[in-house]
Amino acid sequence: MGWAVAVAVLLSASPGFVTRGDVTPEADLRREAQAAWTSLEAQYAAQAGGLPTRAPATVTLQKGTSLPPERNAQGRPGVVELRQNTPGVLDARTRTALRHELAHQLLWWACPASSEDRLFHEAFALTVSGELPAWRDGPYQSLSRAAKEVASAPEVDTSRARRGLARILGEHTGFPAALTRRLRQCHDGARWTTPLTVEELADVAVLAPEPATVVVSRHSGEVLFSEGDVRRAVPYGSALKPFLYAAGTALASNSAAPPLLAPRRGVQEWVCGAGLPPEVDARLALLRSCNGWFLDWEATGLAPKAFGVWGPVLSAVGLTGLPSDMTEAIGLRSAHGLSPWGMAQAYRLLAEARPDVLALLTGNVDEGTLSGLSTSKALKGVATKTGTVRDAASRPQLGWIAAVDTDLVAVIVRPGKMPRHFVDELPALLTRVRRQAGLDAARVQVLGLLPSATVEARCSGAGFSLDDGAPRAAPPDFSRLDALTAKGPAVCLGSPWRVRFPDGPDGGRDYAGVFTWSTPPPYRPPPGVPTTPSALKARRGSDFVFRTTRVQYTAGVVAAEDVTLKGEARVALARVAAHNERHADTRHSGRALCDTTHCQAFRGTVRIRPEEPRALQLPPLKWDAWLTFSQGGATPWREVRTRSEVEALLGRNLVSLRFESGRVRYLRTEGTPAAPYEDARSLPCDTLRAGLKLPSCPQRASFDGPQVLFEGQGRGHGEGLDVEAAKASPGLSSDALLERAYGARPPTP
C-alpha cells in the first residue's frame, strides 16, 4: 500500500491500528498489534479488576525516522514508531518492541493518572511484553546494584537501567504485587500522588541510604530547598510518633486519653533518658521517644492502629505500607518507608491541624531527644522530632530530624548518624532558606463577589479538610469550597488548589496555600454615600480567607494588576502591594485584605518573577498608610451614561458635575418649586468611577438631555502610583518612582 493509504482495524475494546505503508507487511503488522493488544488487555484487566468503559483511541504504527541506535521502538500517545531492519520482515525483535510500546499505549488509555510515572510505565511494559527472560540473561547482578542502575537513569531508557529493572522485577514470582496495587488504585480512580519507587517495587529497601534535605513552606506548600533524593522512601524510625500521639489525643474524640504508664526497669525499650518519673504520660513519652511507653500503650488496647485518622494522610504522601503493629509504627521494625518529601508534607498538615502537638514538640530541645546540646538554644521555639533507624547491633543506619517553625517545615535525613550528631545543621539550614524574601504568611479574602456555593476546588495532590483537628480526605474531583472549609482549614499537599467558578477562566485558577471559612461582620455603608451592590459585596469582604506566602501574594497582585510589568516598575508595584497587605485595617478592620479593586486585585498564585523577591528584600516603605495605585496612562476615553444612572448614585435634580483633587463635586436642586436652592456636595471620585464602571476618574462631564458624557484619560482612580507612567520611565529606580508617586509626606489615609 502507498503512503496515502491508511487502514484501520476496529474491534470491540481495541484501538484502531492505522498503518502508513512504511512498515511492511501491513496486514501482518496490524494482526500482530491486535493480538498483542488483546493479550495485554487481558493481563491488565486481571490485575486491575477491570477496564475503562471508554473506547481506546486510534494508534498509528509507523517507521521511526529518528530512533536512537539502542532503541527498536518508541512511542507517544496514539503513535508507535518502529525500527524495521529488513523491509517486509517482522522479526522477533520488532515484534517484542511492538508489544513493549503497546503496553505504554494501553496505560495511557487505561491508567492516564500514571502518565508521568516513568518507572511504573517501564516496569509494566517489561512485565507484560514477554521480554523479561531476555533481559535477565547475563552475569549475576545484585539487587542493590540493579537499584543503583535504575536510580542513575530515572527515565529507564538505557540498556543497563532496563536490565536492572528486570532484576528487580524478578525478585518475586508471579505478577509484581506493587504493580497490582497500583493498577487497582488506577482502576478505582484514586489519585496518583507519589510515583512508584524501586523500594516499593522490590518490596524491600534495596539502596544504601544517602543524605537528603528538603524544606517546604507551611503556607504555600512549595518546596523551597531540596538536596539529595528527597522522593525516595526509606525507613523512618521514631519520626512518625507525633502522628500516633495526634491520633490518640484527637480533639473531638470520646475515647480514653493516653494513659499514665510506669517504666519497666531492665527493659531496653524503656531506656529513654535519666530521671523518668514513676509514671510517664504521653507528652513525656513523645519528647523522650520512649519506645517502651508506646509498646505498653498498645498492650492496653487503647492505642490507635495504623496511625488512626492519620494513616490515610501518611499513605497519601507516600508511606509504602501501614504498620501492622506498634513495632512497625514506631520504627523498631523497618517494614515500611517514607520519603523526606512525604514526611515534610505530613508535618505541614499536622502543623495546620494540631498546633497543640507542635507546641508540645517545641519542648524537645529543653527536655527531649535534642536537649542539652550547644545547638538547643538556637532552636528555641522550633518544633522538632527525631528518628533513628538501627541495625541488629543497634548501630545507627539512618537519622531523621523533622522541624517546624512559624513558616517552614524542614526534614533532614543522614545515613549512619544519630540526630544529635547532625542537629547543628538545622539552624544553618533554616537561616539559609530564610534568605529567600517573603516567606512569612500573607492573608487575603478571596472570591467575595461570588456566591459561596458556586466556588469549587480540587487538589491534584492530596487534599484534606480539617474537622476539629482531624484530617478528612477531600474528594478527588471538584467539590464545593464552602463544604471543604465548613469545619476547618482545607490543605492541598503536593500541589496548589485549583479553583473554578461560573463564568471564570477555563480550567480555573491556582491557589497555592490554605483556605479557611471566616464569615465577615455585616457591612453598613456610611450615611449618604451611594454604594452599588457590587461595591457592597467588595466592602463586606469574603467568607473565604486564603493564606499563602507574602512573596506569592505579592506576585499574584502584580500579575492581576498588570502582567506585562517588568524591571523597576514591577519592583515598585510589588513593594506597594506587599506594603498594603500590612495595612489591611484601612480596608477591612480586623480582617485580611480583599481581592477586589476595593483593596487590590488578586486572582490566585502565579509563577514568581525575579522582581517580586527583589522588592521584598528592599527596606520597608516609609509611608505608614494605605498606598493607592492605578493602571494610569494617557490614553483618552469618552463614555456615555444615562442621567438616571448618574442620579441613582448622586441623587436627583443634578445641576453640575466637576472633578478636582480626587473628588467629584456636584450641585443638586433642593427645596420646593416655589423656593428652590442649590445644594453643593462632594464624594471621592472613585465612588462615581466604580459605580458607573468608568475607565478612570473623569476629567470632565457634560449634560446632553437624558445622557451625560464623561471624558478622561488612562485607567483606574488616577491616584498614587501611575503604572503606565512607571513603565514609561525606564531610567528611574523603584525608590524614585515611589517618591514621585507619593512624595515626601505620607498620603492621606
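Provided above is the structure to which this section pertains.
What you are looking at is a predicted structure, and each value in this text was computed from that prediction instead of being measured. (Residues numbered from 1 in each chain as written. Predicted model: local features only at pLDDT ≥ 70, side-chain atom pairs only at ≥ 80, totals over all residues. Heavy atoms only, no water.)

**Points about the layout of surface pockets**
By volume, the second largest pocket is sized at about 850 Å³. Around the second largest pocket, the lining comprises 29 residues; the ones closest to its centre are V271, S289, N291, T388 and R390. Broken down by secondary-structure element, the contributors of at least two residues to the lining of the second largest pocket are α10 (282–288) and β8 (383–390). Considering only residue class, the lining of the second largest pocket consists of eight nonpolar, 14 polar and seven charged. (1 Å grid on protein atoms, 1.4 Å probe; cavity = no way out; pocket = protein on both sides within 12 Å on 5 of 7 lines; lining within 4 Å. Points joined across faces, edges and corners; volume = space filled by probe spheres on them. Helix = DSSP H or I, 4+ residues; strand = E, 2+ residues; numbered from the N terminus. Nonpolar A, V, L, I, M, F, W, Y, C, P; charged D, E, K, R; others polar.)

**So, unusual backbone geometry**
Geometrically, the link from T24 to P25 is a cis peptide bond, its omega value of -5 degrees lying close to zero. Structurally, P25 can be placed in the loop between β2 (17–19) and α1 (26–48). Within the chain, V156 stands out as a residue other than glycine whose phi angle is a positive 50 degrees. Exposure remark for V156: the relative accessible area of 0% places this residue in the buried category. (Buried < 20%, exposed > 50% of the residue type's maximum accessible area, 1.4 Å probe, protein only.)

**As for the state of the cysteines**
The term disulfide refers to a covalent linkage connecting the sulfur atoms of a pair of cysteines. Within this structure, the stated rule accounts for five disulfides. With a sulfur-sulfur separation of 2.0 Å, C459 is cross-linked through a disulfide to C492. Judged by the sign of its S-S torsion, about 75 degrees, the cystine formed by C459 and C492 is right-handed. Remark: C492 occurs in strand β16 (residues 490–493) and C459 occurs in strand β12 (residues 456–459); sequence separation between them is 33 residues. Like C492, C459 is buried. Across the disulfide from C594 sits C599; the S-S distance is 2.4 Å. (Disulfide = S-S within 2.5 Å.)

**Observations concerning empty space enclosed by the protein**
Per the counting criterion, the structure on display carries one cavity of 30 Å³ or more. As a volume, the largest cavity reaches approximately 40 Å³. Forming the walls of the largest cavity are Q445, V446, G448, K537, A538, G541, S542, C594, D595 and T596. Among the elements of the structure, β11 (441–446) and α19 (533–540) are those that each provide at least two residues to the lining of the largest cavity. Classifying every residue of the lining of the largest cavity by side-chain character gives three nonpolar, five polar and two charged.

**Some details on the pattern of salt bridges**
On inspection of all chains with the given rule, the structure shows 42 salt bridges. For R162, the salt bridge is made with E122, and the minimal N-O distance between the two is 3.4 Å. In this pair, R162 sits in helix α6 (residues 159–169) while E122 sits in helix α3 (residues 118–128), placing the two residues 40 residues apart along the sequence. The exposure classification of R162 matches that of E122, with both residues buried. Linking D543 and R540 is a salt bridge whose minimum nitrogen-to-oxygen distance equals 3.1 Å. (Salt bridge = Lys/Arg side-chain N within 4 Å of Asp/Glu carboxyl O.)

**Focus on the packing of aromatic side chains**
Counted by the stated rule, this structure contains 17 aromatic pairs. Seen from their ring centres, F17 and W37 are 6.3 Å apart, and the 70 degrees between their planes marks the pair as edge-to-face. Of the two residues, F17 is situated in strand β2 and W37 in helix α1; the sequence distance between them amounts to 20 residues. For F17, a relative accessible area of 0% gives the class buried. (Phe/Tyr/Trp six-rings, centres within 6.5 Å; stacked < 30°, edge-to-face > 60°.)

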